[in-house]
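Observations on chain architecture
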Amino acid sequence: MMITTAVMVAALIAPGAAVVEAHRVHTGVIDGAQYRVEVPSKWNGKVLIYSHGIYPNGYIPEQIELTNRVEAKPVLLERGYALAASLYSKPHGLSVREAVHDQGALLTWFTKNVGRPRQVLAWGASGGGLNSVVLGEKDHRIDGVLAMCGPVAGGTALFNQFLDIGFTVRTLLAPELEIVRIANPAANVAKAHEVITAALATPSGRARLALANSFAGVPGWSRTLQPRSTDVAEQIRQQTRFVAGVYDDLIWGDLRSDVEITAGGNPSWNVGVDYRRVLSRASERNLVEQAYREAGMSLSADLDKLAAAPRIAPDWRAVETLTRVGTPMGRGKAPVVTLHPVGDGVAPEHERTYGARVDSSQIRQLYVNRGGHCMHTAAEELTALGVLEHRVNTGRWPDTSPEALNATAGQYGPQFGGLFDWLHNEFGVVQPAFVRFQPGYLPR
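First, a word on scope: everything that follows refers to the structure included in this document.

**Remarks on the overall build of the protein**
Looking only at helices and strands, the protein has 15 helices and 11 strands in total. For 444 residues, the compact-globule estimate of 2.2 N^0.38 gives 22 Å, and the protein sits close to it at 22 Å. Here the protein holds 444 residues, and 60% of them are scored as buried. Relative to all contacts within the protein whose residues are 6 or more apart in sequence, the contacts with residues 24 or more apart total 75%. Between the mean site of the 43 positive side-chain charges and the mean site of the 42 negative ones, the protein shows a separation of 5 Å.

**Describing a nonpolar patch on the surface**
Together, F420, W422, F427 and V429 make up an exposed nonpolar region whose accessible area comes to about 450 Å². Relative to the assigned elements, F427 resides in strand β11 (residues 426-429). When its relative accessible area of 58% is taken as the criterion, F427 is described as exposed.

**Some words on the nonpolar core**
Formed by 82 residues in total, the largest nonpolar core has its most connected members in L211, Y247 and W252. Not counting the four nearest positions on each side in its chain, L211 is found in contact with T168, L172, L279, V288, Y292, L299, L303 and L306. Counting residues in each nonpolar core, the second largest holds 37 residues, with V75, L83, L87 and C149 among its members.

**Comments concerning the pairing of strand β3 (residues 33-40)**
For β3, a buried count of 7 out of 8 residues is recorded, marking the element as mostly surrounded by other parts of the structure. Relative to strand β5 (residues 82-86), β3 runs antiparallel, the two sharing 4 bridges. In the sheet register, E38 faces β5, and the bridge partner there is L83.

**Section: the state of the cysteines**
Tallying each qualifying case throughout the model produces 1 disulfide. The disulfide that involves C149 links it to C374, with 2.0 Å between the sulfurs. The sign of the S-S torsion, about 95 degrees, decides the handedness of the disulfide formed by C149 and C374: right-handed. Of the two residues, C149 sits in the loop between β7 (144-148) and α4 (155-172) while C374 sits in the loop between β9 (363-371) and α14 (378-394), which places them 225 residues apart along the sequence.

**A look at the packing of aromatic side chains**
By convention here, two paired aromatic rings are described through the distance between centres and the angle between planes. Under the defined criterion, the tally for this structure stands at 12 aromatic pairs. An angle of 70 degrees between the planes, with centres 5.4 Å apart, marks the rings of W43 and F110 as edge-to-face. Linking W43 in the loop between β3 and β4 (46-51) with F110 in helix α2 (residues 96-113), this pair joins segments that are 67 residues apart in sequence. Exposure remark for W43: the relative accessible area of 25% places this residue in the partly exposed category. By relative accessible area, which is 1% here, F110 ends up buried. Joined through ring pairs, the aromatic side chains of F159, F162, F242 and Y247 make up one cluster. The positively charged end of R352 is found above the aromatic ring belonging to Y441, 3.9 Å away from the centroid.

Basis of the calculations
Residues numbered from 1 in each chain as written. Predicted model: local features only at pLDDT ≥ 70, side-chain atom pairs only at ≥ 80, totals over all residues. Heavy atoms only, no water. Helix = DSSP H or I, 4+ residues; strand = E, 2+ residues; numbered from the N terminus. Rg over C-alpha atoms; globule rule 2.2 N^0.38 Å. Buried < 20%, exposed > 50% of the residue type's maximum accessible area, 1.4 Å probe, protein only. Contact = heavy atoms within 4.5 Å. Lys, Arg positive; Asp, Glu negative; His and termini not counted. Charge placed at Lys NZ, Arg CZ, Asp CG, Glu CD. Patch = residues over 30% accessible without salt bridge, like charges linked within 9 Å, V, L, I, M, F, W, Y side chains within 5 Å. Areas by Shrake-Rupley, 256 points an atom, 1.4 Å probe, with all protein chains shown as cover. Salt bridge = Lys/Arg side-chain N within 4 Å of Asp/Glu carboxyl O. Core = buried A, V, L, I, M, F, W, Y, C linked by side-chain atoms within 4.5 Å. Pairing = 2+ DSSP bridges. Disulfide = S-S within 2.5 Å. Phe/Tyr/Trp six-rings, centres within 6.5 Å; stacked < 30°, edge-to-face > 60°. Lys NZ or Arg CZ within 6 Å of the ring centre and 35° of its normal.

In short, shape yes, function no, at least from these values alone.
Written as structure tokens, this is what we have:
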């Protein structure tokens, strides 16, 4: 069922613009999913369809997000782009299936009610980056994809990472914690908080948290406005703060239960996993080794405990479901640009794993030298979008060297360089920070 509930006229005020242009705002509901569309008066025939990330239970934004950074919105409207986004019929939890359906339905609505677009670019941040990649693979109308800070290796890889964190914490710190088929998610999260807070207070606890976090590729750097600390304890605090702020419910609570409901069972496993080998591949291995040395503990002894602990087997039908609906295969026809901070706790290793699946002529992967999740500026995101648009328009990739990208991003000025580090409650203005970077493979 399709319902358009509102059509309004809004004012567009672009930075530096001398003229205020009117544009139309459409809101409504399609198949249970709220949407928002903004079309400038001088529409250029192009549509940017934005996919949001995983919202925590109970949270709904006051206005449906059309961009990851609000500063980018007036720039794009001034350039003539129509902006569109669905809240999805399932805005919380794992919603790749719903996102693909609802964004596709919104694009159909747009074509019927606004006009047939001559170009459609899909973009999104965090879980919305994954949604955009999957949308680009499944919907032939998508001409290009910009996936920002997303777990683009896919849901199966992501939830095995979460399982590895939970399994390690449970085995080494609190055997009473549940990590699959959780009976009481709220109580389980509360208990996990107690255990992790206590562990952070001791060198031995911090070492074990560093080991757990390393299996998911979580870097010891989450302060966006500061360089990476050289202090071992501080790195582990930042690492663990990220896990607590972003991953908690996905490991211990309601969102973990939601994934099992969505997949029709437990889609995660560690049967046959050799955690010694996993650690040998982990980008944070050196931090783990330093932490164990400072604590005077045997890393080998703890790895022996993990090796001896009972393993978790999956429900294979759930694995197949999560793979089918939430794992990109790299076979889409649309070119893809990815953008990721090197210090993002949603490990940039996802980019390497996904990139290996894609024809190299179809993808460019960009990185910024910064800590924190999705901590790229509006200037950097607009620059990455420009790389994608150039490829779609010309069939050729532009210069994507850090020097060229930083020069382009620098033209936007400081008003497009603001970042709020919500994990640490800090705001600042930063310079463009594109960097050459080659992530490792996911530890698994």
